[in-house]
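Single-letter residue listing:
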Amino acid sequence: MSVYLLATLDTKGAEAALVRERLRALSVDVVVVDTGCLGESAAVGDICREHVFQAAGTTLKAVRERRDRGEAVTQAAAGATALVREAFLAGRLDGVLALGGSAGTTIGTAAMRALPLGVPKLMVSTLGSGQVRQYVGDKDILMFNSVVDIAGINRISRRILNSAAAAMAGMVLDRAPDSTDDRPLVAATMFGVTTPCVQHARAILEQAGYEVLVFHATGNGGQAMESLIAEGAIAGVLDITTTELADELVGGILTAGPDRLTAAGKRGVPQVVSVGATDMVNFGPPETVPDKFRSRKFYQHNPTVTLMRTTAKENAKLGEEIGRKVAAARGPAAILLPQRGVSAIDRTGEAFDDPAARKALLDAVRRNCGQVELLDLDLHINDDAFAETAARKLIQLMQVASR
């Protein structure tokens, strides 16, 4: 087993050496990659920094002459990414471990994000206890909080680095065998307020012989699903919960970006799409809600999650986006519209019940979905009959596509 260890050896040479020796003691081969630039290396890497910048399409000399730390980090990240991807495809890499502050974390996680799910990825970072979404993205990266700065070996850093090496050794040496399950994979999106629908639909799909991957629609979940679809791993998509589009439109904290709801269409993967939880935008605790929204309707989901009701105008824009994106699909698709509510708190008597906003949403989908099959159902999204219709429609589309 071989682990690529990424570090700026001008500032993290001693720490990289400690981790390398610990991994070797645990019977793991190590390839040290020097991702430093402006300072002089304090240790010797197996892959030198000249090679890193060459892989980025430039030279160490050229980057040094510009003396731009930001550019140096960007180029080192590009070079490390290219080298790691090449090593993995050649069968020379079983995992990646990196050490760093903000620069090292940027470089190390960029390389990790180039690898498929399941390849061990561990980032020892001074930023490990903060907001790490920009570094983790939609990949299975383990962020390991360094606690103290990675600036010398001391009683704390030694323990942290030894633990990180042991964790990486465990991941690469004791990996469970890949599943032999060859059932077609279906991706489904779920939120707490659409759980009854997705769980019921999941049971039907599993009984029909499919393996269902459920993605929590919290931004990262939608991004991870889109990535797997784009990689060709998914046979069908049950996109019940498109709530991340609302966060992207309005400015909530759980956006999955502007490309959400596009991968299945581009690859021609059969998809059944609905409007689950588009009645809400997500924020943190109440005090984190931007002042411009203070007059809006809110629901306290829990102490750390505040939901804001989308307006009729916002719902019209969401409906237009959903209809337009599905209409552009190259493969079979259907849209299901629940006339009695799109979430657990959007139904008669509940906190987000708003017939006018719901009508604006559904009407906009109808106007923009082109020739896509549209099923208008006089049901709530969490009714069993809605879930059954969605699951069976997807099964039908997948069966037709596989012929």
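Our subject is the structure that appears above.
Residues numbered from 1 in each chain as written. Predicted model: local features only at pLDDT ≥ 70, side-chain atom pairs only at ≥ 80, totals over all residues. Heavy atoms only, no water.

A.B. asks: I would appreciate a short explanation of the pairing of strand 8 (residues 236-239) in the present structure.
C.D. replies: Successive side chains on a regular strand alternate, one facing one side of the sheet and the next facing the other. Going residue by residue along strand 8, you find Gly-236 and Leu-238 tucked away on one face and Val-237 and Asp-239 tucked away on the opposite face as well. Relative to strand 8, strand 6 (residues 185-190) runs parallel, the two sharing 3 bridges. Residue pairing across strands places Val-186 opposite Gly-236, the latter belonging to strand 8. Judged from the 3 bridges that link them, strand 8 and strand 9 (residues 271-273) form a sheet pairing that is parallel. Bridge pairing in strand 9 places Asp-239 opposite Val-273. (Buried < 20%, exposed > 50% of the residue type's maximum accessible area, 1.4 Å probe, protein only. Helix = DSSP H or I, 4+ residues; strand = E, 2+ residues; numbered from the N terminus. Pairing = 2+ DSSP bridges.)

A.B. asks: Would you mind going over the side chain of Arg-20 with me for this structure?
C.D. replies: As for its position among the elements, Arg-20 is in helix 1 (residues 9-25). Arg-20 sits in the buried class, given a relative accessible area of 18%.

A.B. asks: Would you explain the packing of aromatic side chains in this entry?
C.D. replies: Describing an aromatic ring pair means giving the distance of the ring centres and the angle of the ring planes. Counted under the stated rule, the structure contains 2 aromatic pairs. For the ring pair Phe-283 and Phe-293, a centre distance of 5.6 Å and an interplane angle of 40° mean the geometry is tilted. Of this pair, Phe-283 sits in strand 10 (residues 280-283) while Phe-293 sits in the loop between strand 10 and strand 11 (298-302), and the two are 10 residues apart along the sequence. This pair shows no difference in class: Phe-283 is buried, exactly as Phe-293 is. With a centroid separation of 6.4 Å and 70° between ring planes, the pair formed by Tyr-299 and Phe-352 is classed as edge-to-face. Placement of the pair is Tyr-299 in strand 11 and Phe-352 in the loop between strand 13 (333-338) and helix 13 (355-368), with a sequence separation of 53 residues. (Phe/Tyr/Trp six-rings, centres within 6.5 Å; stacked < 30°, edge-to-face > 60°.)

A.B. asks: Explain the nonpolar core to me, please; I cannot follow it from the model alone.
C.D. replies: Note that soluble globular proteins tend to have their nonpolar side chains buried in a common cluster. Tyr-4, Leu-6, Val-84, Leu-93 and Val-96 are the most contacted members of the largest nonpolar core, which totals 34 residues. Those elements giving two or more residues to this core turn out to be strand 1 (2-7), strand 2 (29-34), helix 2 (49-55), helix 3 (60-66), helix 4 (69-89), strand 3 (95-100), helix 5 (102-113) and helix 6 (133-136). Counting residues per element, this core draws most heavily on helix 4, which supplies 8 residues. By size, the runner-up hydrophobic cluster in this structure holds 26 residues, among which are Val-186, Leu-375, Phe-386 and Ala-390. (Core = buried A, V, L, I, M, F, W, Y, C linked by side-chain atoms within 4.5 Å.)

A.B. asks: Can you help me understand the sheet that holds strand 6 in this one?
C.D. replies: Sheet strands pair via backbone hydrogen bonds, and the direction of the pair is either parallel or antiparallel. Pairing is parallel in the open sheet, where 6 strands are placed in the order 7-6-8-9-13-14. The open sheet has two free edges, formed respectively by strand 7 (211-216) and strand 14 (373-377), since each of these has just one partner strand. Ignoring strand direction, the axes of neighbouring strands in this sheet form an average angle of 15°. Where helix 8 (residues 195-207) meets the sheet, its contacts fall on strand 6, strand 7 and strand 8, and the angle it forms with strand 6 comes to roughly 170°. (Axes fitted to C-alpha atoms, helices over the stretch in contact; angles between N-to-C directions. Contact = heavy atoms within 4.5 Å.)

A.B. asks: I tried to follow the environment of Gly-257 on my own but got confused; where do I start?
C.D. replies: Mapped onto the secondary structure, Gly-257 falls in the loop between helix 10 (244-250) and helix 11 (263-267). Residue Gly-257 is classed as buried on the basis of its relative accessible area of 13%. Spatially, the C-alpha atom of Gly-257 lies 8.9 Å from that of Asp-247, the residues being 10 residues apart in sequence.

A.B. asks: Is there a simple way to think about empty space enclosed by the protein in this case?
C.D. replies: Which parts of space are left empty comes out when a probe the size of a water molecule is rolled across the atoms. Tallying each qualifying case throughout the model produces 1 cavity of 30 Å³ or more. Taken as a whole, the largest cavity holds about 30 Å³ of empty space. Along its surface, the largest cavity is lined by Ser-146, Val-148, Asp-149, Ile-150, Ser-157, Ile-160 and Leu-161. Partitioned by chemical class, the residues of the lining of the largest cavity number 4 nonpolar, 2 polar and 1 charged. (1 Å grid on protein atoms, 1.4 Å probe; cavity = no way out; pocket = protein on both sides within 12 Å on 5 of 7 lines; lining within 4 Å. Points joined across faces, edges and corners; volume = space filled by probe spheres on them. Nonpolar A, V, L, I, M, F, W, Y, C, P; charged D, E, K, R; others polar.)

A.B. asks: Where do I start with the packing of helix 4 against helix 5 in this structure?
C.D. replies: Two packed helices can be described by the angle between their axes and the distance between those axes. Where helix 4 meets helix 5, the closest approach of the two axes is 8 Å, and the angle between their N-to-C directions is 25°. The orientation of helix 4 relative to helix 5 falls into the category roughly parallel. Of the two elements, helix 4 crosses helix 5, and the hand of that crossing is right-handed. Where helix 4 approaches helix 5, its residues Arg-69, Val-73, Ala-76, Ala-77, Ala-80, Thr-81 and Val-84 are matched on the opposing element by Ala-103, Thr-106, Ile-107, Ala-110 and Ala-111. Residue composition of the contact of helix 4 with helix 5, grouped by class: 9 nonpolar, 2 polar and 1 charged. (Parallel < 35°, antiparallel > 145°, perpendicular 65-115°, else oblique. Left-handed = near helix turned anticlockwise from the far one by under 90°.)

A.B. asks: I tried to follow the packing of helix 1 against helix 7 (residues 155-173) on my own but got confused; where do I start?
C.D. replies: Close contact between helix 1 and helix 7 brings their axes to 9 Å; oriented N to C, the two are set at 45°. Judged by the angle between their axes, helix 1 and helix 7 are oblique. Crossing hand, helix 1 versus helix 7: right-handed. Between helix 1 and helix 7, the residues in contact are Glu-15, Leu-18, Val-19, Arg-22 and Leu-23 and Arg-158, Leu-161, Asn-162, Ala-165, Met-168 and Ala-169, respectively. Here the residues of the contact of helix 1 with helix 7 sort into 7 nonpolar, 1 polar and 3 charged.

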